[in-house]
Amino acid sequence: MPTDLTLYLAAPRGFCAGVDRAIKIVEMAIEKWGAPVYVRHEIVHNKFVVDGLRAKGAVFVEELDDCPADRPVIFSAHGVPKSVPAEAARREMVFVDATCPLVSKVHIEAERHHQNGLQMVMIGHAGHPETLGTMGQLPQGEVLLVETVADVAGIAPRDPAKLAFITQTTLSVDDTADIVAALKARFPAIIGPHKEDICYATTNRQEAVKAIAPKIDALLVIGAPNSSNSKRLVEVGRAAGCGYAQLVQRADDIDWRALGALKAVGVTAGASAPEVLVNEVIDAFRARFDVTVDLVETARENVEFKVPRVLREPA
Ligand code: SF4
């Protein structure tokens, strides 16, 4: 007899509006211009999604130099430094920018502060494509990066009275609040965003994890190891008291032995993980347990972003 297990399914989870739009952009570009269409960097951080688009005719490259000038190129949802579209335009390439509008909003904020003579502090993860893209909106030295509260003590701005901060969109809401508090304590004049830079999808997915954490023995986050918002969900689960919280790309990655005897498990998915992988994980539990699925919904989302006009026009 299989043992009973309650599977708490977090909602919202999985695809956000920015990821949905980025995938549509690649699909519509292939439809419009035929294959191959080049994509600079993984369009979104998910192998399943990338492999699916590759099968349809997308070619993923890391740099613009890897794209032939006579094929269209798409820039990923994470955003790109200003130099990238500038170079594509110089080479007279057809390009479509799939940067999430909520990342573009941060780029515009940075630009506006720069024009007003402020130096920027960016709270983000070094090396992440979104951080590189956002820092690359301004000339070198105009954006100081901090990753932790400890980093705040180490930065040396030009003029401590002329500073503003921005953040990566996929950070931990709670960790970021601590870093912002440290920034405000050291630089009382620092200006923050009018509206939080951490996006609605990141915030909502973290809230849902906090709601299920007290009920579960283990949390599985479906997402890629390079997906920032997915990794944050694991951390949020642990911080909310869940002793076992793991990132899995799909059902095959589940370490059943480490999970041990379970009565309740939580399942969520990062913003770039498709629902088909969530269903795969639920099926894997159903194969081993007598599963009752309990949906824990902490918010409803109805955000949608239009694809760029060039793709809405006929070829
Ligand atoms: S996680 Fe947020 S910022 Fe990133 S693509 Fe999704 S909606 Fe946009």
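The model shown is predicted, which means the values in this text are computed figures rather than measured ones. Every chain is numbered on its own, with residues counted from 1 as its sequence reads. Thresholds applied to this predicted model are a pLDDT of at least 70 for local features of residues and 80 or more for the giving and counting of side-chain atom pairs; totals over whole chains, interfaces and linings are not thresholded and use all residues. Excluded from the side-chain calculation are hydrogens and water; included are all heavy atoms of the structure.

A. The site of the ligand, seen in detail. When at least one non-hydrogen atom of a residue lies within 4 Å of a molecule or strand, that residue is treated as near it. In the vicinity of the ligand, the contacting residues are C16, G18, V19, C100, L102, V103, T169, T170, C199 and Y200. Residues of the shell around the ligand, tallied by class, amount to 7 nonpolar, 3 polar and no charged. Here the bounds of each domain stem from an automatic or database domain assignment. Per-domain counts for the shell around the ligand show at least three residues from each of domain 2 (17-100) and domain 3 (102-186). Classification convention: Asp, Glu, Lys, Arg as charged; Ala, Val, Leu, Ile, Met, Phe, Trp, Tyr, Cys, Pro as nonpolar; all other residues, Gly among them, as polar.

B. Layout of the pairing of strand 2 (residues 37-40). Burial classes: relative accessible area under 20% of the type maximum marks a residue as buried, over 50% as exposed, and values in between as partly exposed (1.4 Å probe, protein chains only). Here a helix means four or more residues in a row that DSSP labels H or I, a strand means two or more in a row labelled E, and each is numbered from the N terminus. Along strand 2, one buried face is formed by V37 and V39 and the opposite face, lined by Y38 and R40, is buried too. A pair of strands is labelled paired if DSSP reports no fewer than 2 bridges between them. Judged from the 4 bridges that link them, strand 2 and strand 3 (residues 58-61) form a sheet pairing that is parallel. Pairing of R40 across the sheet is with V61, part of strand 3. Once you follow strand 2 into helix 2 (residues 47-56) and on to strand 3, the crossover reads as right-handed. Here strand 2 pairs with strand 4 (residues 73-75) via 3 bridges, running parallel. From the neighbouring strand, V39 faces strand 4, where its bridge partner is I74. When the strands point away from the viewer, a crossover counts as right-handed if the route from the first strand across the helix to the second turns clockwise.

C. Representation of the domain arrangement of the protein in the model. In terms of domains, the protein is made up of domain 1 (4-15 + 200-297), domain 2 (17-100) and domain 3 (102-186). A separation of 30 Å is found between the C-alpha centroids of domain 1 and domain 3. Contact residues are listed per partner, giving 10 residues for domain 1 and 11 residues for domain 3. Once two parts are put together, the accessible area they lose, assessed with a 1.4 Å probe and summed over both, is termed the buried area. A buried area of about 740 Å², summed over both sides, lies between domain 1 and domain 3, and 50% of it is on carbon and sulfur atoms. The largest share of the area that domain 1 buries against domain 3 comes from T202, S228 and R232, three residues that together contribute 47% of it. Residues K210 and D174 are paired through a salt bridge, measuring 3.0 Å at the closest nitrogen-oxygen approach. Whenever a nitrogen or oxygen atom comes within 3.5 Å of another N or O atom, the pair is scored as a polar contact, on the condition that within protein one atom can donate a hydrogen and the other can accept it, and that pairs from neighbouring residues in sequence are kept only if both atoms are in side chains. Taken together, domain 1 and domain 3 are joined by 7 residue pairs in polar contact (both at pLDDT 80 or more). Those elements that place two or more of their residues in the side of domain 1 that touches domain 3 are helix 8 (200-212) and helix 9 (228-239). Here the side of domain 1 that touches domain 3 takes 5 residues from helix 8, the largest share from any one element. Residues of the side of domain 1 that touches domain 3, tallied by class, amount to 1 nonpolar, 6 polar and 3 charged. Any two residues having at least one pair of non-hydrogen atoms within 4.5 Å are treated as being in contact. Throughout this description, the term salt bridge denotes a Lys or Arg side-chain nitrogen within 4 Å of a carboxyl oxygen of Asp or Glu.

D. View of the environment of A110. Structurally, A110 is set in helix 4 (residues 101-115). You can call A110 buried: its relative accessible area is 1%. When the C-alpha atoms of A110 and A156 are compared, they prove to be 18 Å apart, with 46 residues separating the residues in sequence.

E. Up close: the pattern of salt bridges. Under the counting rule described, the total for this entry stands at 18 salt bridges. R13 is paired through a salt bridge with E275; the nearest N and O atoms lie 2.6 Å apart. Here R13, found in the loop between strand 1 (4-11) and helix 1 (17-33), pairs with E275, found in helix 11 (residues 275-286); they are 262 residues apart in sequence, far enough to count as distant. Residue E275 is classed as partly exposed on the basis of its relative accessible area, which comes to 34%.

F. Geometry of the sheet that holds strand 5 (residues 95-97). With parallel pairing, 4 strands are arranged side by side in an open sheet as 3-2-4-5. Edge positions in the sheet fall to strand 3 and strand 5, since each of these pairs with one other strand and no more. Looking at each pair of strands side by side, their axes are set apart by 25° on average, direction ignored. Running over the sheet, helix 1 touches strand 2, strand 3, strand 4 and strand 5 and is turned about 160° from strand 5. In this description, a line fitted to the C-alpha atoms serves as the axis of each element, helices being fitted only across the stretch in contact, and the angle between N-to-C directions of two axes falls anywhere from 0 to 180 degrees.

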